[in-house]
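Given next are the chains, with one letter for each unit.
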Amino acid sequence: MKFIIKDNYEEMSREAADMMAQLLKENPKLVAALPTGGTPERPLELFAQKHQEENLDFSKMKSFNIDEYIPLAKDNPQGYYYFLNKYLYSRVNINYDNTFVPDITKDIDTACAEFEQKIEDAGNLDFILLGIGNDGHIGFNEPAPYYYEKTHLVELDPDTIEANSRFFDHIDDVPTQAITLGMATILKAKKIALIANGEKKANGIRKLYEENTIYPEFPASFLRLHRDVTIIVDREAAKYIL
Ligand code: F6R
């Protein structure tokens, strides 16, 4: 696991955007899975900016949402497809047919199976950009005694609902369920980067840095099973490892 510590959120974001741009330049048919939330806003904006400023070509890239709330439709401003559209797709020349999110108009099992199949059909993920929950979740794989291999339905932890309530008018508006990529689908990505900023993430980053065990109470510890993981953080998230 490689750690890159940047001075602040802007620099952390630039590092992540540069990494993604480099991967897309090397492989215009990049198959990527991307997160939503507070952390990826600026990285995705800077990634998109490279289309305007450097003519970075997104036309052959395939992009998958890592997760999506149930039951938010594609055009719901609180939804995760909407988020990727806002920060990335609408700003670049991506082909919308190459943007994927679980189809929640179908029953959940079908939506999960079809989404997983689409990833397989694309030849699996070349790259996944992850955030990390305050409780260590990756995607929405919450701390649990067992994990799902593939895309599946999750009940969100109260901690996660509380953390995500900042994006809603009221905590009762936060969906309690989501569909997320499973642990194995995440770990099958050829390359993984995890971004984190701010003090709330410092404990999780400390665990990733100091520990060398894999245990279910800390989902991000499963990243130790992967050979190509880069953790990109700002100084606040890195405060226990500096
Ligand atoms: C969201 C996702 C989550 C977030 C995590 C951190 O698509 O996969 O794992 O990355 O909850 O969220 P923020 O960045 O809002 O702190």
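The name given to the protein in an unreviewed UniProt entry is Glucosamine-6-phosphate deaminase, and the organism recorded there is Christensenella hongkongensis.

1. So, the overall build of the protein
Scanning the protein from N- to C-terminus turns up seven helices and ten strands. Taking 18 Å as the expected radius of gyration for a compact globule of 242 residues, we find that the protein reaches 17 Å, a close match to that expectation. Taken over 242 residues, the protein has a buried fraction of 42%. Considering only contacts in the protein between residues 6 or more positions apart, those separated by 24 or more positions represent 77%.

2. Things to note about the site of the ligand
Neighbouring residues of the ligand: 14 residues in total, closest P35, G37, G38, T39 and G131. Classifying every residue of the shell around the ligand gives five nonpolar, eight polar and one charged.

3. Focus on the pairing of strand β9 (residues 191-196)
Burial analysis of β9 places five of its six residues in the buried class, the great majority of the element. Pairing of strand β6 (residues 127-130) with β9 involves four bridges; the strand directions are parallel. Each bridged residue has a counterpart across the sheet, and for F127 the counterpart in β9 is K191. For the handedness criterion, the β-α-β arrangement of β9, helix α7 (residues 202-210) and strand β10 (residues 229-234) is classed as right-handed.

4. Thoughts on the UniProt feature "domain: Glucosamine/galactosamine-6-phosphate isomerase" (unreviewed entry) in the protein
Feature annotation in UniProt places "domain: Glucosamine/galactosamine-6-phosphate isomerase" (unreviewed entry) on residues 10-226, given in this structure's numbering. Structurally, residues 10-226 comprises 34% helix and 15% strand, and the distance from its first C-alpha atom to its last is 27 Å.

5. Points about unusual backbone geometry
Of note, the bond from I70 into P71 is cis; its omega dihedral lies within 30 degrees of zero at 10°. Along the chain, P71 turns up in the loop between β4 (67-70) and α3 (80-87). Even without glycine at this site, N124 takes up a positive phi of about 70°.

6. Thoughts on the environment of S13
Following the sequence through the fold, S13 ends up in helix α1 (residues 9-26). As for S13 and P43, which are separated by 30 residues in sequence, their C-alpha atoms are 4.2 Å apart.

7. Some points on helix α4 (residues 108-121)
Between the first and last C-alpha of α4 there are 20 Å, a value that for 14 residues agrees with the 20 Å anticipated at 1.5 Å per step. The secondary structure elements touched by the buried residues of α4 are β3 (62-65), β5 (99-100), β7 (152-155), β8 (177-180) and α6 (183-187). Within two residues after α4, G123 carries a phi angle of roughly 90°, on the positive side.

8. Here's the deal with the sheet that holds β10
For sheets, the rule is that strands pair by backbone hydrogen bonds, running either parallel or antiparallel. If you walk across this open sheet you meet the seven strands as β1-β10-β9-β6-β2-β3-β5, and the pairing is parallel. Strands with a single pairing partner mark the edges of an open sheet, and in this sheet they are β1 (2-6) and β5.

9. Considering the nonpolar core
Judged by nonpolar contacts, the single largest core of 68 residues is most densely connected at A16, A33, I128, L129 and L194. The greatest single-element share of this core, amounting to seven residues, is contributed by α1. If we skip the residues at most four places from it in the chain, L194 touches L130, I132, L223, V229 and I231.

Each value, and the rule that gives it
Residues numbered from 1 in each chain as written. Predicted model: local features only at pLDDT ≥ 70, side-chain atom pairs only at ≥ 80, totals over all residues. Helix = DSSP H or I, 4+ residues; strand = E, 2+ residues; numbered from the N terminus. Rg over C-alpha atoms; globule rule 2.2 N^0.38 Å. Buried ≥ 20, exposed ≤ 12 C-beta atoms within 10 Å, placed from the backbone. Contact = placed C-beta atoms within 7 Å. Near = placed C-beta within 6 Å. Nonpolar A, V, L, I, M, F, W, Y, C, P; charged D, E, K, R; others polar. Pairing = 2+ DSSP bridges. Right-handed = clockwise from strand over helix to strand, strands pointing away. UniProt positions renumbered as here; feature names shortened; annotations may be inferred. Expected span 1.5 Å × (residues − 1). Core = buried A, V, L, I, M, F, W, Y, C linked by C-beta atoms within 7 Å.

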